[in-house]
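A closer look at the structure
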Amino acid sequence: GGLGAVLERLAEYLEKSEALKRRVGVALIYPGVLGVLAILVVGVLMVFIVPRIAEQFTSLDVTLPLITRIMIALSQFLQAAWLWLLVGIAAAALAASVLLRRPAVKAALDRTILRVPGLGGFVRKIESARFARTMSILIASGAVLPDALRAARRASANTRFQSLLAGVIEQVEQGRGLSDALRTTGWFPPLVVYMVASGERSGRIADMFARGAEHLEAEVDSAVGAGLSLLEPGIIIVMGGLVAGIVLSILLPILRLNTLAMGG
């Protein structure tokens, strides 16, 4: 008899999720354009500029610096194999999309992501926030705890988290407290576990899940904002380093030739 309230809670949850996606999408436009321009600039330098300068150096009887030889070899490779390189990238993307549909591959990728410093913690917060928000909506709507846990498990996108929740469901059905079962997973922040335990004792577990979800969602928003703010200068630094390496590979032989000429 509470369909209207349930749909309202669900609408709020979906609106928050879409707002975060739009924020990330808008924030990624400028870094994306900057990254594409960086690739184009480096590609033009390596395919058109470096080969012409390399022709001048190779005609001289002088030992080129290591960085110059590396740049020349890389430029020759890009000139000869750029088409095959594009085909290989497209084939790799297609193979990855097919392989990720296999449960074993998806599970291995999820485990690998969780081991990556920074990224693994971010994924844990996202999954924990989604779990807490889903549990809050379902329990407040009158769903029994095991059914709410199963629905929250299906809402997860990480196979490792799904397997942990399967263990939580089994423990709860055997009579163990939810907070104790969540603590044994080692996945959730201690604050969320304590809030769930408080909700169990006070009979306000839906409210505690809602507060935990708000806390985790705020941390996710902060992490996204920090990551996006660092992305733009990171691309500029990488682009500057690549261009500086190309320029250095051109200038070093010129300086060496000038030194030899002055010495002669």
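Our structure is the block above this text.
Residues numbered from 1 in each chain as written. Predicted model: local features only at pLDDT ≥ 70, side-chain atom pairs only at ≥ 80, totals over all residues. Heavy atoms only, no water.

1. Thoughts on helix α2 (residues 66-99)
Applicable threshold: For the purposes of this entry, the term helix denotes a DSSP run of H or I that reaches at least four residues, the term strand denotes a run of E that reaches at least two, and both are numbered from the N terminus. In a helix, the anticipated span is given by 1.5 Å times the number of residues less one. One axis fitted to the seven residues ending at a residue, another fitted to the seven starting there: the angle between these axes is the bend at that residue. Type-normalised accessible area, obtained with a 1.4 Å probe on protein chains alone, sets the label of each residue: buried when under 20%, exposed when over 50%, and partly exposed for intermediate values.
With 34 residues, α2 extends just 40 Å between its outermost C-alpha atoms, more than 12% less than the 50 Å of an ideal straight helix rising 1.5 Å per residue. Of all bends in α2, the biggest is about 75 degrees, found at Ala-81. Those residues of α2 that sit buried are Thr-68, Met-71, Ile-72, Ser-75 and Ala-81.

2. With respect to the environment of Val-224
Mapped onto the elements of the fold, Val-224 is located in helix α9 (residues 205-263). Put simply, Val-224 and Ala-27 are 197 residues apart on the chain and 10.0 Å apart in space, counted from C-alpha to C-alpha.

3. Regarding the packing of aromatic side chains
The description of two aromatic rings rests on the distance between their centres and on the angle between their planes. Heads up, the rule is: Only rings of Phe, Tyr and Trp enter the pairing, Trp through its six-membered ring, and a pair is recorded when the two centres are within 6.5 Å. The plane angle decides the type: under 30 degrees is stacked, over 60 is edge-to-face, the rest tilted. By the criterion adopted, a ring carries a charge over it if an Arg CZ or a Lys NZ lies within 6 Å of its centre and within 35 degrees of its normal.
With the rule as written, the count across this model stands at 5 aromatic pairs. On the basis of an interplanar angle of 85 degrees and a centroid distance of 6.0 Å, the ring pair of Phe-131 and Phe-161 is categorised as edge-to-face. Remark: Phe-161 occurs in helix α6 (residues 159-173) and Phe-131 occurs in helix α4 (residues 119-140); sequence separation between them is 30 residues. Phe-161 carries the same exposure label as Phe-131, and that label is buried. On the numbers, 4.7 Å between centres and 25 degrees between planes, the contact of Phe-161 with Trp-187 is stacked. Of this pair, Phe-161 sits in helix α6 while Trp-187 sits in the loop between α7 (178-185) and α8 (190-202), and the two are 26 residues apart along the sequence. The burial state of Phe-161 is the same as that of Trp-187; both residues are buried. When the ring centre of Trp-187 is taken as reference, the NZ or CZ atom of Arg-124 above it lies at 4.8 Å.

4. Comments concerning the packing of α4 against helix α5 (residues 145-155)
As a reminder, the rule being used: Orientation is described by axes fitted as lines to C-alpha atoms, over the contacting stretch for helices, and by angles from 0 to 180 degrees between their N-to-C directions. By the definition used in this description, the sense in which the near helix is turned from the far one sets the handedness, with an anticlockwise turn below a right angle giving left-handed and a clockwise turn giving right-handed. A contact between two residues is defined here by any heavy atoms of the two lying within 4.5 Å. Residue polarity follows a fixed list, in which Ala, Val, Leu, Ile, Met, Phe, Trp, Tyr, Cys and Pro are nonpolar, Asp, Glu, Lys and Arg are charged, and the others, Gly among them, are polar.
Put simply, α4 and α5 touch, their axes get as near as 9 Å, and they point 140 degrees apart. As α4 packs across α5, the resulting crossing turns out to be right-handed. Listed contacts from α5 to Arg-130, Phe-131, Thr-134, Met-135, Leu-138 and Ile-139 of α4 are Leu-145, Ala-148, Leu-149, Ala-151, Ala-152 and Ala-155. Class assignment for the residues of the contact of α4 with α5 results in 10 nonpolar, 1 polar and 1 charged.

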